[in-house]
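Examination of the molecular architecture
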Amino acid sequence: MYPKHFFERFWESEQKNQLFVGMPFDESINDTFNVISESAKNLGFEKSFRVGLETEANSINDRIFDAIANSKMLIFDLSDDTRTGAINHNVIYELGIANAIREPFDIVLIRKQNKDKMKLPFDIQGLYINFFEEKITEEFVKNVITSVMQNQEWHKSKRISSAIESLDENGLLLMNQIGYKPKGYNHFNSSGLDYNSKMSLLRLVDLGIVKFACVIWQKGGFEYAYHWTPFGYAVMKSLGIKQMTEEEFKETPEYTQVKQAQDKFMETKNKFSK
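Moving on to the layout of surface pockets. Taken as a whole, the largest pocket encloses approximately 590 Å³ of empty space. Along its surface, the largest pocket is lined by 21 residues, and His 187, Phe 188, Asn 189, Ala 225 and Gln 262 are the ones closest to its centre. Of all the secondary-structure elements, those providing two or more residues to the lining of the largest pocket are β6 (210-216), β7 (222-228) and α11 (253-273). Looking at the lining of the largest pocket element by element, the count peaks at six residues for α11. Of the residues contributing to the lining of the largest pocket, the split by class is 13 nonpolar, five polar and three charged. Quantified by volume, the second largest pocket comes out at close to 490 Å³. In this structure, the second largest pocket is lined by 19 residues; those nearest its centre are Ile 29, Thr 32, Lys 112, Phe 132 and Glu 134. In terms of residue count, helix α2 (residues 30-42) provides more of the lining of the second largest pocket than any other element does, three residues in total. Among the residues forming the lining of the second largest pocket, the class breakdown is five nonpolar, six polar and eight charged.

Given below as structure tokens:
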């Protein structure tokens, strides 16, 4: 699938806690990947994604686009390919896509030290590259990833700005009236909303700011609600909408009403679940 078409359809509202590793299909650098993968795991990433190691049936390009768009961080190894003596063309292509859609603080560039720096393509000579010696080490990877993680601020990204520009006044009101509450208290349904607010809610779904979730109970009945996504919380943070803590919310008059409604709901749910 063409990259633009993929991102228009499959850009997720929740980042995967994984590190995308852009490097050639070359078994000779497996040791480099293993060091990167182990370092990422020690830093809290669930896994490192490298094309060629996955087993899904969908196309390689789609897996690449998905990982570039939805991974928490991306690292590209720009070391010279042992087979060609130059940076791998596939890695350059993937880096170009990443530079077009991700923020600079999401991307790490590494390269094996080479005296002839003019081998770097002109368009990337101005990018900051972390050089390592003959063999990459866990300490090196940890240092470069940690320094970048400290500067990651999703709420300042271009994607967030674009979503904010697509909001309308009713969507903004929903954030101010419901979204600011602590998690566990700010899910909602559309039954009490007027027509215009319901249309705005659908727009929030399209933007990935909220998502719809439902569960069917064992003995009949079901529950459903709209929930704010991690992307939605980032949008609210960018807008300056402060999230209340549970302790703060318990001090408000609204908490009693919400708690009573939750208790009544749980009584009904228990009848159908037992």
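What follows continues from the structure just given.
For the rest of this paragraph, the subject is the packing of helix α7 (residues 169-179) against helix α8 (residues 195-207). For the pair α7 and α8, interaxial distance at closest approach is 8 Å and the crossing angle is 80°. As the angle between them shows, α7 and α8 are arranged roughly perpendicular. Counted together, Asn 170, Gly 171, Leu 174 and Met 175 of α7 and Asn 196, Ser 197, Ser 200, Leu 201 and Leu 204 of α8 form the full contact between these two elements.

Right, let's talk about the sheet that holds strand β1 (residues 16-22) for a bit. Taken together, five strands build an open sheet; the order of strands is β2-β1-β3-β4-β5 and the sheet is parallel. Each edge of the open sheet is held by one strand with a lone partner, namely β2 (47-49) and β5 (130-132). Ignoring strand direction, the axes of neighbouring strands in this sheet form an average angle of 25°. Summarising the sheet, strand β4 (residues 107-112) and β5 pair through three bridges and their orientation is parallel. Its bridge partner being in β5, Arg 111 is matched across the sheet by Phe 131. Contacting β1, β3 (71-77) and β4, helix α4 (residues 89-101) crosses the sheet at an angle of about 140° to β3.

Moving on, we get to helix α5 (residues 138-149). In a regular helix each residue adds 1.5 Å, so twelve residues correspond to 16 Å; α5 covers 16 Å between its end C-alpha atoms and thus fits that length. Where α5 is concerned, the buried positions are Phe 140, Val 141, Val 144, Ile 145 and Val 148. When α5 is viewed along its axis, its buried side chains cluster within an angular range of 115° and face the same direction. Contacts made by the buried residues of α5 are with β1, α2, β3, β4 and β5.

Relative to the helices and strands, Ile 97 resides in helix α4. When its relative accessible area of 9% is taken as the criterion, Ile 97 is described as buried. Taking the C-alpha atoms as reference points, Ile 97 and Ile 68, 29 residues apart in sequence, are found 7.9 Å from one another.

About the criteria used
Residues numbered from 1 in each chain as written. Predicted model: local features only at pLDDT ≥ 70, side-chain atom pairs only at ≥ 80, totals over all residues. Heavy atoms only, no water. 1 Å grid on protein atoms, 1.4 Å probe; cavity = no way out; pocket = protein on both sides within 12 Å on 5 of 7 lines; lining within 4 Å. Points joined across faces, edges and corners; volume = space filled by probe spheres on them. Helix = DSSP H or I, 4+ residues; strand = E, 2+ residues; numbered from the N terminus. Nonpolar A, V, L, I, M, F, W, Y, C, P; charged D, E, K, R; others polar. Axes fitted to C-alpha atoms, helices over the stretch in contact; angles between N-to-C directions. Parallel < 35°, antiparallel > 145°, perpendicular 65-115°, else oblique. Contact = heavy atoms within 4.5 Å. Pairing = 2+ DSSP bridges. Expected span 1.5 Å × (residues − 1). Buried < 20%, exposed > 50% of the residue type's maximum accessible area, 1.4 Å probe, protein only. Arc of directions from axis to C-beta.

That's the geometry; what it means functionally is another story.
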